[in-house]
Amino acid sequence: MKLNERSLAFYATCDAPVDNAGFLYKKGGRHAAYHRRWFVLRGNMLFYFEDAASREPVGVIILEGCTVELVEAAEEFAFAVRFAGTRARTYVLAAESQDAMEGWVKALSRASFDYLRLVVRELEQQLAAVRGGDGTALPQAQSLPLPPSLPSAPAPVPSLPSVLAPGPALPRRPSALPPKENGCAVWSTEATFRPGPEPPPPPPRRRASAPHGPLDIAPFARLHECYGQEIRALRGQWLSSRVQP
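Every value quoted in this text rests on a predicted model; they were computed, and no experiment measured them.

Undergrad: Go over the overall build of the protein with me, naming the residues and quoting the values.
TA: If you tally the helices and strands in the protein, you get five helices and nine strands. Seen in sequence order, the protein has helices and strands lined up from the N terminus as α-β-β-β-β-β-β-β-α-α-α-β-β-α. For the protein, buried positions account for 20% of its 245 residues. Partitioning the intrachain contacts of the protein with sequence separation of at least 6 by distance along the chain shows that 36% fall at a separation of at least 24.

Undergrad: Describe the nonpolar core, listing the residues and the values that go with them.
TA: In this structure, L41, L46, L63, F79, V81, W104 and L108 are the most contacted members of the largest nonpolar core, which totals 21 residues. Those elements giving two or more residues to this core turn out to be β2 (34-42), β3 (45-49), β5 (66-70), β6 (78-83), β7 (91-94) and α2 (98-109). Per-element tally for this core: the top contributor is α2, with five residues. Setting aside its immediate chain neighbours within four residues, L46 contacts F39, V40, L41, G59, V60, I61, L63, L93, W104 and L108.

Undergrad: Go over unusual backbone geometry, please, and point to the residues and values.
TA: Even without being a glycine, F77 presents a positive backbone phi close to 60°. Examined against the element boundaries, F77 turns out to sit in the loop between β5 and β6. You can call F77 partly exposed: its relative accessible area is 22%.

Undergrad: Before we move on, could you go through the layout of surface pockets and cite the residues and values that matter?
TA: In this model, the second largest pocket occupies a volume close to 160 Å³. In terms of lining residues, the second largest pocket is bounded by E5, L8, A9, F47, E56, P57, V58, G59 and V60. Going through the elements one at a time, α1 (5-13) and β4 (59-62) are the ones with two or more residues in the lining of the second largest pocket. Considering each element in turn, the lining of the second largest pocket owes the most residues, three residues, to α1. Looking at the lining of the second largest pocket, its residues break down into six nonpolar, one polar and two charged.

Undergrad: Just give me the short version of the sheet that holds β6, but keep the residues and values in it.
TA: Strand pairing in a sheet takes place through backbone hydrogen bonds and is either antiparallel or parallel in direction. As summarised here, the arrangement of the seven strands in space is β4-β3-β2-β1-β7-β6-β5, forming an open sheet in which the pairing is antiparallel. Strands with a single pairing partner mark the edges of an open sheet, and in this sheet they are β4 and β5. Sheet twist, expressed as the average angle between the axes of neighbouring strands with direction ignored, equals 35°. Pairing of β5 with β6 involves five bridges; the strand directions are antiparallel. Paired with T67 across the two strands is R82, which belongs to β6.

Undergrad: Requested: an account of the pattern of salt bridges, with residues and values cited.
TA: Within the structure shown, the criterion is met by four salt bridges. A salt bridge links E96 to R36, with the shortest nitrogen-to-oxygen separation between them at 3.0 Å. With a gap of 60 residues between them, E96 in the loop between β7 and α2 and R36 in strand β2 connect regions that are remote in the sequence. Salt-bridge contacts for D114 lead to R117; the nearest nitrogen and oxygen are separated by 2.8 Å. Here D114 and its partner R117 are both found in helix α3 (residues 113-130), three residues apart, which amounts to about one turn of the helix.

Undergrad: If you had to explain the packing of aromatic side chains to someone new, which residues and values would you point to?
TA: Enumeration over the complete set of coordinates arrives at four aromatic pairs. Each ring, one from F83 and one from Y91, has its centre 6.4 Å from the other, and the planes form 80°; the classification is edge-to-face. Under the relative-accessibility criterion, Y91 is labelled buried at 15%. Its guanidinium or amino end placed over the ring of F23, R36 lies 3.8 Å from that ring's centre, counting from NZ or CZ.

Parameters and conventions
Residues numbered from 1 in each chain as written. Predicted model: local features only at pLDDT ≥ 70, side-chain atom pairs only at ≥ 80, totals over all residues. Heavy atoms only, no water. Helix = DSSP H or I, 4+ residues; strand = E, 2+ residues; numbered from the N terminus. Buried < 20%, exposed > 50% of the residue type's maximum accessible area, 1.4 Å probe, protein only. Contact = heavy atoms within 4.5 Å. Core = buried A, V, L, I, M, F, W, Y, C linked by side-chain atoms within 4.5 Å. 1 Å grid on protein atoms, 1.4 Å probe; cavity = no way out; pocket = protein on both sides within 12 Å on 5 of 7 lines; lining within 4 Å. Points joined across faces, edges and corners; volume = space filled by probe spheres on them. Nonpolar A, V, L, I, M, F, W, Y, C, P; charged D, E, K, R; others polar. Pairing = 2+ DSSP bridges. Axes fitted to C-alpha atoms, helices over the stretch in contact; angles between N-to-C directions. Salt bridge = Lys/Arg side-chain N within 4 Å of Asp/Glu carboxyl O. Phe/Tyr/Trp six-rings, centres within 6.5 Å; stacked < 30°, edge-to-face > 60°. Lys NZ or Arg CZ within 6 Å of the ring centre and 35° of its normal.

By themselves these figures say nothing about function.
Structure (structure tokens):
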């Protein structure tokens, strides 16, 4: 996995909770002087800044394959982070108090994935022992007696054949829908309902009289003249009724 400065700076200053943070005195690589830096531990990465308000780390220490041990140095409460290898650098740090030093040593010793792997393996062995994986059987839970008010055995449940046994046949409801043939309803010609009183016949349609034969065969001019005479007669009656007082 490749890491760049931008990703490291974002991870160092993100809002996620840190594993440990505080001021430590860091001994320089080339010089014997100690510089006070603000250290932040996130996972297996130890970032250090110029001060607590800085938004960009000065450097980072990857805590993989290292050992943390106390050392004798010019500064009090000093400890060292050592890596295996002839050219590997040793980081000498110093805390401001005994409690701070113990807290940092404990946190840095548990920061590597190797330590987490050992812890997980130990927990798996303990879980296997609890589950009886090492040959020891777990003690069986003792059954507690039921209270006197409760029955000692549950009520028997009726078997499935007895539940599904046929009972008395229910009266069949007559179907109100007509039978179907080829998907279409077929209505019976036999009347199943009592006939009621027949409705009265419709009144005969009033038709104008045709003086010269039936109207359905008369030409249009004769029809117009025939109906026009009747309309003129009615209009004359209406006008005469209005003139009379």
